[in-house]
Amino acid sequence: MTELSGAKSGKFNIGGDMPVHRLGFGAMRITGAGIWGAPNNPEEARRTLRRIPELGIDFIDTADAYGPFISEQLIRETLHPYKNIVIATKGGLTRQGPNSWLPLGRPEYLRQCVQLSLRHLGVERIDLWQLHRIDAKVPRAEQFGVMAEMQQQGLIRHLGLSEVSVEEIQAASHAFKVATVQNRYNLVDRGSEDVLNHCEQHGIGFIPWYPLASGALTQGKTILTSVAARLGATPGQVALAWVLQRSPCMLPIPGTSSVAHLEENAGAASVELTDADFTALDSQGRAQSERAA
């Protein structure tokens, strides 16, 4: 059985001065169906949040759109004051109902997002605030500009982006230091390889969302299950271990509302893949990604 300690994943300094253990927690799933409303089992969601620091996980990623507001509020209710935990949040998406998301990047709205997150999280400064999506209907210079202003005003410590290209990272870098980038990425979804490589070269944290493809990577008999059986781990742990080994700037944030699943994910930090295991998984995953492209 693998050891349950997120600290085993190693450390990364977000923005160069904010150290976190690389295996984090994504707080999207502590909400209701369609990421809308309260979770079906609020007490289990609270138990899950309380277990996070006990497992050596000190990086939590949430967003104002999760619920909306439910995720941030539950985090505050359960973990505030945040002792040795970095809370990252995001803004810039509006909600029209379950599974419905639309970007809104007007500067006054982004400022409202930050002010409400400060209130819901119960903090005076947000550790890491990320633009959830660049709004194509608003000049991106205006979106980047208000983000820089809020950082200069002391409302935000570090700034990040989500679902962006290398060119967009470079454009944002003219307005502020990009501390993190959060793009979809996992063993079989390599569409952001160029972004990941850019982040590694420039000391930017890369936060892969959907690191387990909602469990799809752990189904059926594959090389993933074969490696897992040999190592005495679960397929999900091996998939996360591969993500962690892919790059030192990788900060995966698998999410759940279950204590048992959280503990399983934490065990991934202790899974050690051989070079042969990593290469075999990488080759199969890359081939599957190319077929799906």
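What counts and what doesn't
Residues numbered from 1 in each chain as written. Predicted model: local features only at pLDDT ≥ 70, side-chain atom pairs only at ≥ 80, totals over all residues. Heavy atoms only, no water. Helix = DSSP H or I, 4+ residues; strand = E, 2+ residues; numbered from the N terminus. Expected span 1.5 Å × (residues − 1). Buried < 20%, exposed > 50% of the residue type's maximum accessible area, 1.4 Å probe, protein only. Arc of directions from axis to C-beta. 1 Å grid on protein atoms, 1.4 Å probe; cavity = no way out; pocket = protein on both sides within 12 Å on 5 of 7 lines; lining within 4 Å. Points joined across faces, edges and corners; volume = space filled by probe spheres on them. Nonpolar A, V, L, I, M, F, W, Y, C, P; charged D, E, K, R; others polar. Phe/Tyr/Trp six-rings, centres within 6.5 Å; stacked < 30°, edge-to-face > 60°. Lys NZ or Arg CZ within 6 Å of the ring centre and 35° of its normal. Pairing = 2+ DSSP bridges. Right-handed = clockwise from strand over helix to strand, strands pointing away. Contact = heavy atoms within 4.5 Å. Disulfide = S-S within 2.5 Å. Core = buried A, V, L, I, M, F, W, Y, C linked by side-chain atoms within 4.5 Å. pLDDT = per-residue confidence, 0-100.

Quick word on helix α10 (residues 275-292)
Taking 1.5 Å per residue, 18 residues should reach 26 Å; α10 reaches 26 Å between its end C-alpha atoms and fits that length. All of the buried residues along α10 are Asp277, Phe278, Leu281, Asp282, Gly285 and Ser289. The arc that holds every buried residue of α10, seen down its axis, measures 120 degrees, which confines them to one face. Residues of α10 that are exposed and point over 90 degrees away from its buried face: Ala276, Glu290 and Arg291.

Comments concerning the layout of surface pockets
Empty pockets left among the atoms are what a rolling probe the size of a water molecule brings to light. Here the largest pocket is characterised by a volume of approximately 660 Å³. Taken together, 27 residues line the largest pocket, and the ones lying closest to its centre are Met28, Arg29, Tyr66, Trp209 and Tyr210. Looking at the lining of the largest pocket residue by residue, the class counts come to 13 nonpolar, 10 polar and four charged.

Remarks on the packing of aromatic side chains
The full count for this structure, using the stated rule, is six aromatic pairs. Aromatic pair Phe144 and Phe176: ring centres 6.0 Å apart, planes at 85 degrees, arrangement edge-to-face. You can see Phe144 sitting in helix α4 (residues 140-152) and its partner Phe176 sitting in the loop between α5 (166-172) and β10 (178-184), a full 32 residues away along the chain. For the pair Phe144 and Phe176, one class covers both residues: buried. Consider the rings of Tyr185 and Trp242, whose centres lie 6.3 Å apart with planes at 15 degrees: the pair is stacked. Separated by 57 residues along the polypeptide, Tyr185 in the loop between β10 and α6 (193-202) and Trp242 in helix α8 (residues 235-246) bring together distant segments of the chain. On the basis of relative accessible area, Tyr185 is assigned to the buried category, the value being 0%. Residue Trp242 is classed as buried on the basis of its relative accessible area of 0%. Between Arg95 and the ring centre of Trp101, over which it is positioned, the NZ or CZ distance is 3.8 Å.

Structural notes on the pairing of strand β9 (residues 156-162)
Most of β9 is tucked away: six of the seven residues are buried. In this sheet, β9 lies alongside strand β8 (residues 126-131) in parallel orientation, the contact comprising five bridges. Residue pairing for β9: Trp129 is matched across the bridge by Leu159. Crossover handedness for the path β8 to α4 to β9: right-handed.

Examining the side chain of His198
Among the structural elements, His198 can be located in helix α6. Beyond its immediate stretch of four places on either side in the chain, His198 contacts Val166, Ile169, Gln170 and Ile204.

What to know about the state of the cysteines
Summed over the entire model, instances satisfying the criterion amount to zero disulfides. The cysteine Cys199 is free of any disulfide, with Cys249 supplying the nearest cysteine sulfur at 5.7 Å. For Cys249, a relative accessible area of 3% corresponds to the buried category.

Quick notes on the nonpolar core
In terms of nonpolar packing, the biggest core is built from 65 residues, with Phe59, Trp129, Phe144, Leu161 and Phe176 touching the most fellow members. Per-element tally for this core: the top contributor is α8, with six residues. For Leu161, the contacting residues outside a window of four places in its chain are Gln130, Leu131, Phe144, Met147, Glu168, Ile169, Ala172, Phe176, Val178, Thr180, Val181 and Gln182. Among the nonpolar cores identified, the runner-up in size contains 19 residues, and Ile52, Ile57, Ile75 and Tyr82 belong to it.

A word on the sheet that holds β10
Strand order in the open sheet made by the seven strands is β3-β4-β5-β8-β9-β10-β11, with parallel pairing throughout. Looking at strand neighbours, the two that pair on one side only are β3 (25-26) and β11 (205-209), the edges of this open sheet. The sheet contact formed by strand β5 (residues 86-91) and β8 spans four bridges and is parallel. Bridging across to β8, Lys90 finds its partner in Gln130.

Comments concerning the confidence of the model for the chain
In this model, the chain carries an average pLDDT of 95, and 96% of its residues clear a pLDDT of 70 or more. β9 holds the highest mean pLDDT among the elements of the chain, 99, whereas α10 holds the lowest, 88.

Some words on the environment of Arg47
Relative to the assigned elements, Arg47 resides in helix α1 (residues 42-54). By relative accessible area, Arg47 is classed as partly exposed at 37%. In sequence terms Arg47 and Ser258 are 211 residues apart; their C-alpha atoms lie 8.1 Å from each other.

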